[in-house]
Amino acid sequence: MKPKTLVVMGGTSREKDVSLRSGENIYQALKKKGFEAERFVFDGTNTARFLERDFDIAFSLIHGGEGEDGRLAAFFEMNGIRYVGSSPEAQSVTMAKHLCQPVIGEFGMRIPEHETFFTNSEAKERLPQFFSRFRKAVVKPSREGSSVGIRICSDEHKAVETVSELLNEYTPVVVERFVEGTEITCGIIEMNGSVKVFTLMEIRAKNEFYDYHAKYTSGMTDFVVPASIEGKSAKEIKAQAETLFRKFGLRDFARLDCILGKEGIYWHDINTVPGMTELSDLPQVAAYDGMRFPDLAEAILLNAYERYEK
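None of these values were measured; they are calculated from a predicted model. (Residues numbered from 1 in each chain as written. Predicted model: local features only at pLDDT ≥ 70, side-chain atom pairs only at ≥ 80, totals over all residues. Heavy atoms only, no water.)

Asker: Provide a residue-level description of the nonpolar core, including the pertinent values.
Answerer: Soluble globular proteins tend to pack their nonpolar side chains together in the buried interior. Leu30, Phe59, Ile189, Phe253 and Leu296 are the most contacted members of the largest nonpolar core, which totals 31 residues. When residues of this core are traced back to their parent elements, those giving at least two are β1 (5-10), α1 (16-32), β3 (57-60), β10 (201-205), α9 (281-288) and α10 (293-309). Here this core takes eight residues from α10, the largest share from any one element. With sequence-adjacent residues up to four places away left out, phenylalanine 59 is seen in contact with Thr5, Leu6, Val7, Val8, Ile26, Leu30, Val84, Phe253, Ala297, Ile300 and Leu301. Within the second largest apolar cluster, 27 residues are counted, among which are Ala90, Cys100, Ala241 and Ile270. (Core = buried A, V, L, I, M, F, W, Y, C linked by side-chain atoms within 4.5 Å. Buried < 20%, exposed > 50% of the residue type's maximum accessible area, 1.4 Å probe, protein only. Helix = DSSP H or I, 4+ residues; strand = E, 2+ residues; numbered from the N terminus. Contact = heavy atoms within 4.5 Å.)

Structure, rendered in structure tokens:
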């Protein structure tokens, strides 16, 4: 059966433009595969219109905000709407870096040393001690994706200033030790009820780091598949990624990011609605492993739909 699909895109986060591109790609892919599909641009106020549509399942490509923090998934569940993706509970934890990272640590995996700040006074009080141990830090909003708002700081004064600036827009803000190493992304889908971990991708950004501009501007990043790391390290990263996928209770598709440093693997991001643009990581690794984009879209959709049919 080919379920009638509502492809949801847009949203209210800073990733709206990326979401529109991802959603359009999925819509076109499903049409190519013979699905009856309809676009739905969500603007944060038109949730009632979901109930007016005739569809079997919603496939949300809303990145960040309500699309990844559990709110939209909770709306779907409260209204008996079948949907692609992880549960509200899984999304609410993985979207918030200050909540997600300690859980990863509890699972026995490395995370960068970090501090969480809710106020400027906390930053002024605790950052000097942080920089007495570490020379360089990554400052980022806790609940943003696509590297929105991320800055690199090499001294405590710049870090305090950056935290203060970010707190005007985001709460809380996380400061992590900058880990030197190889940036790796791991794409995962569920297919026929089992977890499939794709070949690892190495990220070589031409900016200082893999920021929003580098992610979504053609030519600003070199994507190396397979990643140029030793086989043993690649196997360990894939094994840990699958473990995290299962332990967080993720569903259908995800992308997990880590850095392979001198001391080992450091996990820093879990994305429950990964990008599906022409430059996005998950479609690229799937293509390397022989799965064309329309087949990828179909596999993700049918895995979700069949979950409800059991």
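Moving on from the coordinates now.
Asker: Hey, could you go over the pattern of salt bridges for me, with residue numbers and the actual values?
Answerer: Counted by the stated rule, this structure contains 24 salt bridges. Between lysine 140 and glutamate 176 there is a salt bridge, with its nearest N and O atoms 3.3 Å apart. Linking lysine 140 in strand β5 (residues 137-141) with glutamate 176 in strand β7 (residues 173-177), this pair joins segments that are 36 residues apart in sequence. Judged by its relative accessible area of 3%, lysine 140 is buried. (Salt bridge = Lys/Arg side-chain N within 4 Å of Asp/Glu carboxyl O.)

Asker: Summarise the pairing of strand β12 (residues 253-261); cite the residues concerned and give the values.
Answerer: When you tally the buried positions in β12, you get nine out of nine residues, the bulk of the element. By the alternation rule, side chains of β12 split into Phe253, Arg255, Asp257, Ile259 and Gly261 and Ala254, Leu256, Cys258 and Leu260, which are all buried. The sheet contact formed by strand β8 (residues 182-191) and β12 spans eight bridges and is antiparallel. Note that in β12 the partner of isoleucine 188 across the bridge is alanine 254. Pairing geometry for β12 and strand β13 (residues 264-271), over seven bridges, is antiparallel. Looking at the pairing, leucine 260 lines up with isoleucine 265 of β13. From the end of β12 to the start of β13, which pair antiparallel, there are two residues. (Pairing = 2+ DSSP bridges.)

Asker: Tell me about the environment of glutamate 106, residues and numbers included.
Answerer: With respect to the secondary-structure elements, glutamate 106 resides in helix α4 (residues 97-106). For glutamate 106, a relative accessible area of 66% gives the class exposed. In the structure, glutamate 106 is positioned 134 residues away from glutamine 240 in sequence and 13 Å away in space, judged by C-alpha atoms.

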